[in-house]
Every structure is written in structure tokens, then in C-alpha cells.
Amino acid sequence: MPIATVNPANGETLRTYEAMGEEEIERRLQLAEATFRTYRTTAFEERARLMHRAADLLEADREEIGKVITTEMGKPVKQARAEAAKCAKAMRWYADHAAELLADEEPAEADVKDSGASRALVRYRPLGPVLAVMPWNFPLWQVIRFAAPALMAGNVGLLKHASNVPQTALYLEDLFHRAGFPEGCFQTLLIGSAAVDDVLRDERVRAATLTGSEPAGRAVASTAGEMIKKTVLELGGSDPFVVMPSADVDRAAEVAVTARTQNAGQSCIAAKRFIVHADVYDAFAARFTEGMKALRVGDPMDEETEVGPLSSEQSVEDLVELVDDAVRGGAEVLCGGERPDGPGWYYPPTVLAGVTREMRIHREEAFGPVATLYRAADLDEAVLIANDTDFGLSSNVWTRDDADVERFVRDLEAGGVYVNGMTASHPAFPFGGVKRSGYGRELSGHGIREFCNITTVWHGA
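On to the overall build of the protein chain, then. Helix and strand content of the protein chain: 16 helices and 17 strands. Over its C-alpha trace the protein chain gives a radius of gyration of 23 Å, about what one expects of a compact globule, namely 23 Å for 461 residues. Principal axes of the C-alpha set define a box for the protein chain whose edges measure 70 × 60 × 40 Å. Of the contacts formed within the protein chain by residues at least 6 apart in sequence, a portion of 73% connects residues at least 24 apart. When the accessible surface of the protein chain is totalled, it reaches about 19,000 Å², and 49% of it is carbon and sulfur. Between the centroid of the 49 positive side chains of the protein chain and the centroid of its 71 negative side chains there is a distance of 4 Å.

Below, the structure is given as C-alpha cells:
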């Protein structure tokens with residue numbers, strides 16, 4: 001895949017970039033290692049000052065960088081600006097909380113004495129250069145939620161971004177440079193996927209994080225395992241959105257539309273499978289379908305657009321195959337389902353009912369604005385359908401019954417359970433999944449500690 005900006009709204013190639021050669025990659029690896037030796041000793045106060053400065057710059061740039069994001073991967077420009085603002089918020093959160101999150105921990109006095117020590121503590125120390133392999137769908141947010149905690153912990157970052165968002169990738173390197181971070185703290189590697197393996201094998205790279213597809217995750221995890229390097233993986237998702245009889249059905253249907261179609265449905269944590277109790281199925285299906293039909297699809301630079309194009313021609317073709325397979329298997333199309341004529345990589349908001357386990361869309365992640373509806377006879381069946389997937393990223397549950405909530409929290413196989421609301425990442429809460437959605441956690445204190453050397457310090461009597 002070429003490293004290029006190709007406008008999804010019309011398929012026009014705007015800019016292309018040459019991949020970095022071996023000499024430039026080596027220079028950047030040397031710089032990362034050298035910078036880490038000194039940056040790791042900086043005080044939290046200095047790191048926080050630099051991170052706050054970067055957040056201020058990003059917020060000031062949100063109009064400009066929002067347009068770049070929209071041009072590169074197609075999300076509506078209002079959503080792109082909001083993404084920039086969210087990143088600035090997370091940067092400030094880590095700037096303000098990192099010292100507390102990574103403060104030395106004092107074990108219980110009785111345990112210290114029992115170990116024969118006069119004093120003991122646990123200290124969090126940075127690992128070194130961390131390679132981040134990041135996707136295009138949230139081209140700022142996915143990077144910042146790695147970079148902010150990693151840099152605040154004293155690590156340095158090497159970014160291999162998706163090949164269709166090179167301008168965003170270069171902007172991020174420049175952002176941290178303008179903020180005053182030492183040269184080498186955060187570097188973008190303009191390389192193709194084939195070059196990732198060699199970079200990850202380099203002994204100067206101490207760990208890796210990847211957000212992306214399951215095959216990409218397997219490849220990175222395999223190499224990292226061979227090299228015995230820490231990894232965090234956030235892979236695909238096919239999140240359930242369960243609606244029970246006690247729910248506010250109107251509100252649930254309204255939120256469901258956003259949960260499925262934000263970023264044109266190109267989100268790992270988007271709700272994709274809508275599992276509705278039989279008692280409220282018809283009412284929810286009608287309201288949800290009506291809301292999906294009413295969405296405004298069009299030019300992502302238009303402030304009124306709610307759903308823009310998908311990121312690539314291949315993304316559209318993948319959706320077409322999934323929907324066609326479901327229809328051949330007997331699924332009913334309640335709205336959408338037909339690719340529109342004209343330029344650009346568009347696909348309409350689509351609702352499928354009558355989906356069965358034999359259909360590909362039941363097993364595979366639909367990365368676009370296509371929703372599947374399931375009718376559940378009771379809570380037990382709702383849990384079974386929700387867990388009938390290889391993924392386990394997040395989940396949404398709509399109910400006013402506390403017993404229902406406790407059952408779903410206990411039994412849903414997912415990294416998050418969002419009750420009466422849609423899944424949304426926030427810097428204060430851990431984010432990640434189970435099963436084939438990956439392992440490890442981003443954000444919160446859990447995220448900043450993922451790339452730390454958790455060190456026991458023991459003093460004899």
C-alpha cells in the first residue's frame with residue numbers, strides 16, 4: 001500500500017510520500033535510544049509542562065488538523081475537530097495525574113518486616129523506546145492515548161501510522177517538537193507494514209503497542225513474543241447493544257444510531273449487534289431504522305454531514321460482501337443495503353434483521369455503518385447472543401433493572417459494560433478487551449503502567 005493521502009470523498013490522490021530507507025530508520029532508532037537516556041531522568045513537572053504545551057498547540061490547531069484528517073480518512077469535519085479536542089483533554093489529564101499514578105508504592109509495614117527489610121517500595125520506571133503501530137480510523141486519538149502516558153512515564157515513542165494518513169502522522173511528530181520535547185522523544189516512521197518486523201526486532205525497541213486488525217495483531221505479537229518484548233494489543237470488536245423491557249426504548253434507539261454510525265461506523269468500539277428483548281423488539285426496530293434512514297450522508301467537509309465516506313474502496317467492497325452474503329442467507333434489509341452511484345467511497349446506513357449464526361456478518365466485524373438486529377426471548381438468550389462472538393472489546397446494556405445490570409456485568413465477555421449509554425473512551429478509565437479483541441489496557445493508571453518496569457526496591461535491616 002503506498003504512503004499517500006487519497007481523499008475518500010472522491011478517490012483523488014493528493015500527496016504521496018517515499019518510504020524511509022534503512023539509513024533514515026537507523027538514524028531515528030539511534031536518536032530514540034540516545035534521547036531516552038536523558039529524557040528518562042526528567043522530572044514529572046517538566047514532562048507535564050511540555051505536555052500541557054503540546055495540548056495547547058493541538059487545541060489551537062484543531063480547525064487545520066481537522067480538515068487534514070477529513071481529507072485523509074473521510075470522517076465528518078465536525079467529528080475531526082472533536083477528536084482533536086478530546087486528544088488535548090487526554091494530554092492534560094496525563095500531565096496532571098502521571099506523578100500520582102506512578103508514585104512510589106509503600107507495602108504494608110507488616111509485610112516489609114516479614115521480608116526482613118528495613119524498608120521496601122515499588123517504583124515505576126520507564127522501559128525505553130516504544131513502537132506504536134496505529135490505525136487510520138481515529139488518526140489523532142489512537143496515537144495520543146499511547147503517546148501521552150508513554151511520554152509522561154519517561155518513555156520515548158516511535159510511530160508507524162497507517163499508510164493512508166501520512167500528513168496526520170507527520171503533524172504529530174511536529175506537534176511534540178513544537179511543544180519543546182527533546183528531539184527524538186516522539187518520531188514518525190514513514191514506513192510500510194513490511195518494515196515493521198525489522199523495527200520491532202531491533203534491540204533498541206523495548207516494547208510495542210498496536211491498534212488494528214487481528215492479522216496485524218497476530219504478526220506483531222508473534223515477533224514480540226519471539227523477541228520477548230511487552231505488547232499491548234487493541235484489535236477488532238463486534239460490540240453488543242442489548243435492550244431489555246425496562247429500558248427507555250426511545251432513548252436507546254436514538255443513542256443506538258450514533259453508537260453504530262459515528263465515524264461512518266468505522267470504530268472497533270462501535271455497537272454493531274443490536275440484541276433486543278422480544279417484548280420491545282418491534283418498537284426498537286422501528287425507531288432505530290427510522291433514525292438510521294434520517295442520517296445525512298455526504299461531503300465530509302459539509303458541517304451538516306453526519307456520515308461521510310468510508311476510508312477506502314476496499315472497505316466498501318468488504319461491506320458489500322458481508323451484506324450480500326447475509327441477504328442470500330435470508331436476512332431482511334430494513335434500510336440501506338445498496339451502494340450509491342457516483343464518486344467517493346460511500347455506503348448508506350443499513351439495518352439487517354433476521355441474522356443467523358451461519359452468516360458471515362454474525363462472525364466477522366462489519367467496519368462501516370451496517371447494524372444487525374437480533375430478537376432475544378429473555379435475558380439468558382440475550383447473554384448467549386452477546387457472547388457468541390470471537391471478540392470482546394466492549395458492550396452496551398439498556399435496562400432500569402438492577403438485577404439485569406448485575407447479571408450483564410457478571411456474564412458479558414467484554415472489557416467494558418456501559419449501562420444506559422454508548423461506549424466511549426475517557427482518559428480516566430481503562431480501555432481494552434478480551435478474547436480476539438486483544439490484551440492489555442490503554443488509558444487510566446493501568447495504561448500508563450503498561451510500559452513501565454515495575455521495580456521492587458528492598459533495603460536490608
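Residues M51, L58, M91, L131, L140, F176 and F181 are the most contacted members of the largest nonpolar core, which totals 86 residues. Ranked by residue count, the leading element in this core is helix α4 (residues 77–101), at 11 residues. When sequence neighbours within four positions are dropped, the list of residues in contact with M91 reads M51, A54, A55, L58, I144, A148, L175 and F176. Ranked by size, the runner-up nonpolar core spans 56 residues in total, among them F274, V276, F288 and V351.

On the basis of which strands lie adjacent, the open sheet formed by seven strands has the order β11-β12-β13-β10-β9-β14-β15 and mixed pairing. One side of each edge strand has no neighbouring strand; the edge strands of this open sheet are β11 (332–335) and β15 (418–419). Here strand β9 (residues 239–243) pairs with strand β10 (residues 271–277) via five bridges, running parallel. Note on β10: the bridge partner recorded for D239 is A271. Against the sheet, helix α11 (residues 281–294) makes contact with β9, β10, β11, β12 (350–353) and β13 (370–376), and its axis sits at roughly 175° relative to β13, the strand it touches most. Contacts from helix α14 (residues 379–387) reach β9, β10 and β13 within the one sheet, and its direction differs from that of β13 by about 150°.

Moving on, we come to the packing of aromatic side chains. Throughout the structure, instances matching the rule amount to 11 aromatic pairs. Taking 4.7 Å as the distance between ring centres and 40° as the angle between the ring planes, the aromatic pair formed by F274 and F288 counts as tilted. Placement of the pair is F274 in strand β10 and F288 in helix α11, with a sequence separation of 14 residues. Judged by relative accessible area, which is 0%, F274 ranks as buried. In textbook terms, an aromatic cluster arises when at least three aromatic residues are bridged by ring pairs, as seen for F241, F274, F284, F288 and W398. R47 extends its terminal NZ or CZ atom over the ring of F44, reaching a point 4.9 Å from the ring centre.

Taken N-terminus to C-terminus, the directions of helix α10 (residues 249–261) and α11 make an angle of 45°; their axes are 9 Å apart at the nearest point. In terms of orientation, α10 and α11 fall into the oblique class. The way α10 lies across α11 gives a crossing that is right-handed. Together, V249, D250, A252, A253, A256, V257, R260 and T261 of α10 and A283, F284, R287, F288, G291 and M292 of α11 make up the contact between the two elements. When grouped by side-chain class, the residues that make up the contact of α10 with α11 number nine nonpolar, two polar and three charged.

Moving on, we come to the side chain of S425. With respect to the helices, strands and loops of the structure, S425 is situated in the loop between β15 and β16 (438–439). A polar side-chain atom of S425 sits 3.0 Å from a polar atom in the side chain of K86. Within the structure, the side chain of S425 is placed 3.0 Å from the side chain of W141, a separation counted as a polar contact. In contact with S425, not counting residues within four places along its chain, are K86, W141, R145, I269, F431 and L443.

For helix α2 (residues 44–60), built from 17 residues, the straight-helix expectation of 24 Å at 1.5 Å per residue is met to within 8% by its first-to-last C-alpha distance of 24 Å. What α2 keeps buried is the set R47, A48, L50, M51, A54, A55, L57 and L58. On its buried face, α2 is in contact with α1 (22–39), α3 (62–73), α4, α6 (141–152) and α7 (166–179).

Within the open sheet, the six strands sit side by side as β6-β5-β4-β7-β8-β16. Their pairing is mixed. Each edge of the open sheet carries a strand with a single partner, namely β6 (186–188) and β16. Pairing of strand β4 (residues 129–133) with strand β7 (residues 207–211) involves four bridges; the strand directions are parallel. Bridge pairing in β7 places V133 opposite L210.

This part is about the pairing of strand β8 (residues 230–234). In terms of burial, β8 is a largely internal element, four of the five residues being buried. Relative to β8, β7 runs parallel, the two being bridged by five bridges. Across the sheet, the residue bridging to L210 is L233, located in β8. Once the chain exits β7 it traverses helix α9 (residues 214–227) before rejoining the sheet at β8, and the crossover so formed is right-handed. Of the strand pairs in this sheet, β8 and β16 are connected by two bridges, and their pairing is antiparallel. Across the sheet, L233 pairs through a bridge with Y439, a residue of β16.

Cut-offs used in this document
Residues numbered from 1 in each chain as written. Predicted model: local features only at pLDDT ≥ 70, side-chain atom pairs only at ≥ 80, totals over all residues. Heavy atoms only, no water. Helix = DSSP H or I, 4+ residues; strand = E, 2+ residues; numbered from the N terminus. Rg over C-alpha atoms; globule rule 2.2 N^0.38 Å. Contact = heavy atoms within 4.5 Å. Areas by Shrake-Rupley, 256 points an atom, 1.4 Å probe, with all protein chains shown as cover. Lys, Arg positive; Asp, Glu negative; His and termini not counted. Charge placed at Lys NZ, Arg CZ, Asp CG, Glu CD. Core = buried A, V, L, I, M, F, W, Y, C linked by side-chain atoms within 4.5 Å. Buried < 20%, exposed > 50% of the residue type's maximum accessible area, 1.4 Å probe, protein only. Pairing = 2+ DSSP bridges. Axes fitted to C-alpha atoms, helices over the stretch in contact; angles between N-to-C directions. Phe/Tyr/Trp six-rings, centres within 6.5 Å; stacked < 30°, edge-to-face > 60°. Lys NZ or Arg CZ within 6 Å of the ring centre and 35° of its normal. Parallel < 35°, antiparallel > 145°, perpendicular 65-115°, else oblique. Left-handed = near helix turned anticlockwise from the far one by under 90°. Nonpolar A, V, L, I, M, F, W, Y, C, P; charged D, E, K, R; others polar. Polar contact = N/O pair within 3.5 Å; in protein donor to acceptor, adjacent residues only side chain to side chain. Expected span 1.5 Å × (residues − 1). Right-handed = clockwise from strand over helix to strand, strands pointing away.

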